[in-house]
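As a plain string of letters, each chain reads:
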Amino acid sequence: MFGMTKRGKTTLGHYFVGEPLEGVNNKGAFYYKAKYSKDVYKKATIGHTANSETLIPNFFYPSSSIIGKIQKLVIIDSPGFQNTYGCLRTILSAFSNYRVFSKVRKMKFVLIVQKSDMEGDISGLIKTFKAFFDNFKDIEKYPEDIINAASFVITKHTGTVEDSVSRIEAILAELQP
C-alpha cells in the first residue's frame, strides 16, 4: 500500500487481516487504535497526530479465511510519501521500497488517497500519483504494466460509493488532453 502520510494505510492493513480496531475519543479528537490481538502487528502503530508513524514497511499476513484461495499474500504497508520527519526518513523509505521492489516477483499496488485529496484543485491526488510513479526508474519501459497492477482505495470518506465514482470520473475527464 502506498500513499501520502496520514491517509490510513496502517489502519487498512489492520482491517485487512481482521485485527480488531477500537475507536478512541480523546478530548474531541476521534481516531482508531489497534487492539493488537497478535504480537506480530504490535509494531504497526496507527498514528493519530500530524506526524508520520510508519518508519519502515509493516507486513500484514491475511489468513486463508479472509483471502480465500490466494496463497502467500502479504500486504505491505509502506511509509507515507512526504513524511513529516525529513530527509533521513525519506532515504530510509526509498531504500525500503527498493528492497521490496527488488525481491518481490508478483506485486499489486494499492494507492491510498483520502476523500479530501479529490476535492478542489486535486493537488493531493496529483502529489500521490507523482510520488508513486517516482519510485520507478524505468517507468517509460513498462507504464502499462505498472498502471494495470495498480488500484486505489479512498479513505476517510463519509459519502456514498456513487459520489466517489462520479468525482473520479470528473477528475479523469479533467486530466484528459
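Bear in mind the structure is a predicted one, so any value in this text is a computation, not a measurement. (Residues numbered from 1 in each chain as written. Predicted model: local features only at pLDDT ≥ 70, side-chain atom pairs only at ≥ 80, totals over all residues. Heavy atoms only, no water.)

> Could you clarify how one ought to interpret the environment of Leu12 in this entry?
You can see Leu12 is positioned in helix α1 (residues 9-16). What makes Leu12 buried here is its relative accessible area of 14%. A sequence separation of 63 residues divides Leu12 from Ile75, and the C-alpha atoms of the two residues are 9.8 Å apart. (Helix = DSSP H or I, 4+ residues; strand = E, 2+ residues; numbered from the N terminus. Buried < 20%, exposed > 50% of the residue type's maximum accessible area, 1.4 Å probe, protein only.)

> Could you clarify how one ought to interpret the packing of aromatic side chains in this entry?
For any pair of aromatic rings, geometry is given as the distance between the ring centres together with the angle between the planes. Evaluated as defined, the whole model comprises five aromatic pairs. Three or more aromatic residues joined by ring pairs form one cluster here, namely Phe2, Phe109, Phe132 and Phe133. (Phe/Tyr/Trp six-rings, centres within 6.5 Å; stacked < 30°, edge-to-face > 60°.)

> I tried to follow the side chain of Asn58 on my own but got confused; where do I start?
In this structure, Asn58 sits in strand β4 (residues 58-60). At a separation of 2.8 Å, a polar atom in the side chain of Asn58 contacts the side chain of Asp77. Residue contacts for Asn58: discarding those within four places in its chain leaves Thr10, Lys43, Ala44, Ile75, Ile76 and Asp77. (Polar contact = N/O pair within 3.5 Å; in protein donor to acceptor, adjacent residues only side chain to side chain. Contact = heavy atoms within 4.5 Å.)

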